[in-house]
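What the coordinates show
Chain by chain, the residues run as shown.
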Amino acid sequence: MTKPSDTKPIDRPVPRAGVLDIAAYVPGKSKATGGTKLYKLSSNETPLGPSPKAIEAYRAAADNLEFYPDGSASALRAAIAEAHGIKAERIICGAGSDEILNLIAHAYIGPGDEAIYTQHGFLVYPIAIRASGGIPVVAPEKDFTTYVDAIIDRVSEKTRVVFVANPNNPTGTYVPFSEIRRLHAALPPRVLLVLDAAYAEYVRRNDYESGIELVGQSSNVVMARTFSKIHGLAALRIGWMYGPPEVVDALNRIRGPFNVSAPAIAAGAAALSDRAHVESAVAHNEEWLPRVTYALEGLGLQVTPSVANFVLIHFPGTKGKTAAEADDYLLSHGIVLRRVASYGLPDALRMTIGTAEANEATIAALRHFMHGAG
């Protein structure tokens, strides 16, 4: 005789297996609990704002909001192609580089497939992998830096994609491009190497490359970029990818038909025409990145060497000197940094290089937190 089941039937839609195992991405805070002025240094936004040319183009687009945007973002792709000396037909645009990364995962990762990312890599990678039914494989880093040998050691018959952020977020570290080429040479041709170069414009190292040349020479490498950082267009969500024709074709088959808005297309194209604005942003970062690093190290804090527009600050972790307590103290003074415990860095905070005023205010607040009024 069959015993009646004690389990009640489910009377609502249930997501497929694995979806509820995904930890949702939590962005940096936008508000503080105190202070007379807000200094938001939690999301790596440029302190210079967008180019005046981009603002003008965005406003002009408001006259035609009743029309759908160009589904292929032709003007934006042409502007990107001209700026970087690449072919427009090998470019795909998206709603931020996040969408590009998710499109890659949906196109190339299926149930049971594996994809590799590094220990403190961008949290969108494991989300995209799991959302596609894949299995995230974590490669340890060395000194908070991508360790190519660890990635190579974890490549298996199930590996379909390798995600590498260079520079990495939230650590700010990078690997020389000779190491990226070594990694690529060790990968089977069936494995897609994704180079996430969101912070490439800030890097001033002779041994660094964003990946354009390697993509041009290969059939299994793509490079993802964004307009959210140095171009100051985070609110418009513009990302792009340069890749082999076959990869671009695959992603175009699954992306939304109008995934980039008309104002975003116009503003992005205009932003690329304003080289002076980009150079000003680079110059500001070149001035303040070492100044902030030196000042924080002078307070007894460890700062991971960064080539991006942010620094990773490590706290002692002792009672009264933890990252969580520092974060609470800064928030009470109107200063918002990024908690990075979800990245496996519970004793660290990430600080965006902001305006001179914001940088000085943060240094002063951390000096008081670490050493008191003296």
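Residues numbered from 1 in each chain as written. Predicted model: local features only at pLDDT ≥ 70, side-chain atom pairs only at ≥ 80, totals over all residues. Heavy atoms only, no water.

Considering the UniProt feature "modified residue: N6-(pyridoxal phosphate)lysine" (unreviewed entry) in the chain
Note the following rule: UniProt positions are given in the numbering used here, feature names are shortened, and annotations may be inferred rather than shown by experiment. Secondary structure elements follow DSSP: runs of H or I no shorter than four residues count as helices, runs of E no shorter than two count as strands, and numbering proceeds from the N terminus. Throughout, a contact is declared for two residues whenever any of their heavy atoms are within 4.5 Å. Contacts described as polar in this section are N or O atom pairs within 3.5 Å, which, within protein, must combine one atom able to donate a hydrogen with one able to accept it, while residues neighboring in sequence count only if both atoms come from side chains.
In this numbering, the UniProt entry assigns the feature "modified residue: N6-(pyridoxal phosphate)lysine" (unreviewed entry) to Lys 229. Looking at the element boundaries, Lys 229 is found in the loop between strand S7 (221–226) and strand S8 (239–242). Once residues within four sequence positions are removed from consideration, Lys 229 is found in contact with Ser 43, Asn 44, Thr 46, Ala 198, Tyr 199 and Tyr 202. A polar contact is formed between the side chain of Lys 229 and the backbone oxygen of Ser 43, at a distance of 3.2 Å.

Considering the layout of surface pockets
Test applied: Only protein atoms enter the 1 Å grid used here, on which a cavity is any set of points holding a 1.4 Å probe that cannot leave and a pocket is any open set flanked by protein within 12 Å on both sides along at least five of seven lines; residues with an atom within 4 Å of a point are listed as lining. Grid points are joined across faces, edges and corners, and a volume is the space filled by probe spheres set on the points.
Within this model, the largest pocket holds a volume of roughly 530 Å³. Forming the boundary of the largest pocket are 27 residues, of which Tyr 25, Ser 43, Asp 98, Phe 122 and Lys 229 lie nearest the centre. Of all the secondary structure elements, the ones that give two or more residues to the lining of the largest pocket are helix H3 (96–108) and helix H4 (124–131). Taken together, 20 residues make up the lining of the second largest pocket; nearest its centre are Ala 23, Ala 24, Tyr 25, Leu 123 and Ser 342. Broken down by secondary-structure element, the contributors of at least two residues to the lining of the second largest pocket are H4 and strand S12 (338–339). Looking at which element gives the most residues to the lining of the second largest pocket, the answer is H4, with 3 residues.

Examining the nonpolar core
The condition is simple: Nonpolar core, defined: a set of buried Ala, Val, Leu, Ile, Met, Phe, Trp, Tyr and Cys residues in which side-chain atoms within 4.5 Å join the residues together. Categorising residues by exposure relies on relative accessible area from a 1.4 Å probe, with only protein chains included: less than 20% of the type maximum marks a residue as buried, more than 50% marks it as exposed, and the intermediate range marks it as partly exposed.
Grouped together as the largest cluster of nonpolar side chains are 47 residues, with contacts concentrated most on Ile 80, Val 162, Leu 193 and Trp 240. Per-element accounting of this core gives the leading share, 5 residues, to helix H9 (residues 262–272). Excluding residues within four positions of it along the chain, Trp 240 makes contact with Ile 80, His 84, Ile 86, Ile 91, Ile 92, Cys 93, Ile 100, Met 223, Ala 224, Arg 225, Thr 226 and Phe 227. In terms of nonpolar packing, the next biggest core, distinct from the first, is built from 31 residues, Ile 92, Ala 115, Val 161 and Leu 192 among them.

Examining the pairing of strand S4 (residues 135–139)
To be explicit about the condition: Only strands that DSSP links by at least two bridges are regarded as paired with each other. Handedness rule for crossovers: strands pointing away from the viewer, path from the first strand over the helix to the second running clockwise, crossover right-handed.
Two elements, strand S3 (residues 114–118) and S4, share 5 bridges in a ladder whose sense is parallel. Bridging from a neighbouring strand, Tyr 117 pairs with Val 138 of S4. Note on the crossover from S3 through H4 to S4: the handedness is right-handed.

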